[in-house]
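# Secondary and tertiary structure notes
Listed below are the residues making up each chain.
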Amino acid sequence: AAQVSGKSFDFVVVGAGSAGAVCAARLSEDPNVSVLLIEAGDEATTIHAKIPAACGKLQNTDLDWGFFTERQESNYGQGLKN
């Protein structure tokens with residue numbers, strides 16, 4: 001069991017994206033277990049963060065982790081660009 005601020009949790013889910021949120025929700029359906037869901041960063045207030053197709057608008061902003069991909073043949077030699 002993990003402890004945070006003196007509270008104990010049976011499960012810790014890191015990342016509240018679509019998969020993490022679903023995992024935490026499913027785990028919390030059991031009333032006999034406690035679940036802690038952790039997400040990094042502040043709340044995204046821009047509309048672009050709420051529209052999946054607008055993800056490119058978030059590159060090089062304060063909401064971007066600054067990671068880049070390597071060029072790969074499977075994506076025709078393209079990677080995320082600056």
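For the structure itself, look to the data block above.
This section reports on the structure supplied with the text. This one's a predicted model, so the numbers in the text were calculated from it and none came from an experiment.

It is worth spelling out the pattern of salt bridges at this point. Scanning the model with the defined rule gives one salt bridge in all. Between Glu 29 and Arg 26 there is a salt bridge, with the nearest N and O atoms lying 3.8 Å from each other. Given the relative accessible area of 57%, Glu 29 is considered exposed.

Here the focus is unusual backbone geometry. The backbone of Asn 60 sits at a positive phi, close to 60°, despite the residue not being glycine. Within the secondary structure, Asn 60 is located in the segment after strand 4 (35–38). With relative accessibility at 49%, the residue Asn 60 sits in the partly exposed group.

Rules of the game
- Residues numbered from 1 in each chain as written.
- Predicted model: local features only at pLDDT ≥ 70, side-chain atom pairs only at ≥ 80, totals over all residues.
- Heavy atoms only, no water.
- Salt bridge = Lys/Arg side-chain N within 4 Å of Asp/Glu carboxyl O.
- Buried < 20%, exposed > 50% of the residue type's maximum accessible area, 1.4 Å probe, protein only.
- Helix = DSSP H or I, 4+ residues; strand = E, 2+ residues; numbered from the N terminus.

Honestly, it's all geometry; don't read function into it.
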